[in-house]
Amino acid sequence: MSVTIPSGSAATSATTTTGAAAKAATSVASKMNADTFLTLLMAQLQNQDPTKPMDSTEYVGQLATFSQVEQATKTNQKLDSLLSASFLDQADAIIGRTITSDDGTVSGIVESVRVTSDGAVAKLKDGREMLLASGISIS
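This structure is a prediction, so every number in the text was calculated from the model and none was measured.

### Focus on the pairing of strand E3 (residues 107–116)
When strand E2 (residues 98–100) meets E3, the two strands line up antiparallel, connected through three bridges. Each bridged residue has a counterpart across the sheet, and for Ile99 the counterpart in E3 is Gly108. Between the antiparallel neighbours E2 and E3 lie six residues, among them Gly104 with a positive phi of about 80 degrees. What sits between the antiparallel neighbours E3 and strand E4 (residues 119–124) is a turn of two residues.

In structure tokens:
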């Protein structure tokens with residue numbers, strides 16, 4: 001049985017785009033978390049004009065924003081878990097099989113797979129490694 005993942009397919013393009021978007025969202029979420037929001041809110045409360053206290057509607061709006069930031073952080077953590085699970089499923093399916101790079105220069109039997117921030121990397125029996133990306137052939 002031979003499975004080929006074409007390098008220019010729409011599905012591959014969508015997967016690559018989705019992966020890039022997930023990494024970007026994770027990067028933003030790791031920089032902006034609930035603690036950051038609370039720090040900003042406390043600084044705003046401490047530095048507000050005493051003659052013009054914060055409007056209660058604005059305060060409620062900021063608390064709602066805080067809740068959204070917290071939920072986005074949790075969502076990104078769950079997406080990371082799903083991506084890792086997907087890579088592990090992919091790894092399980094190719095161990096012991098032969099993979100070939102898109103240009104045909106690298107080929108070999110997969111001995112193990114490790115998951116990195118770039119995706120799953122297959123270690124071949126001869127010691128070489130190959131990123132499991134679009135264009136590889138599995139047989």
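### A short note on the nonpolar core
Of all hydrophobic cores here, the largest spans ten residues; its members are Ile94, Ile99, Val110, Ala120, Ala122, Leu124, Met130, Leu132, Ile136 and Ile138. The greatest single-element share of this core, amounting to three residues, is contributed by E4. With sequence-adjacent residues up to four places away left out, Leu132 is seen in contact with Gln90, Ile94, Ile99, Val113, Ala120 and Ala122.

What counts, and at which threshold
Residues numbered from 1 in each chain as written. Predicted model: local features only at pLDDT ≥ 70, side-chain atom pairs only at ≥ 80, totals over all residues. Heavy atoms only, no water. Pairing = 2+ DSSP bridges. Helix = DSSP H or I, 4+ residues; strand = E, 2+ residues; numbered from the N terminus. Core = buried A, V, L, I, M, F, W, Y, C linked by side-chain atoms within 4.5 Å. Buried < 20%, exposed > 50% of the residue type's maximum accessible area, 1.4 Å probe, protein only. Contact = heavy atoms within 4.5 Å.

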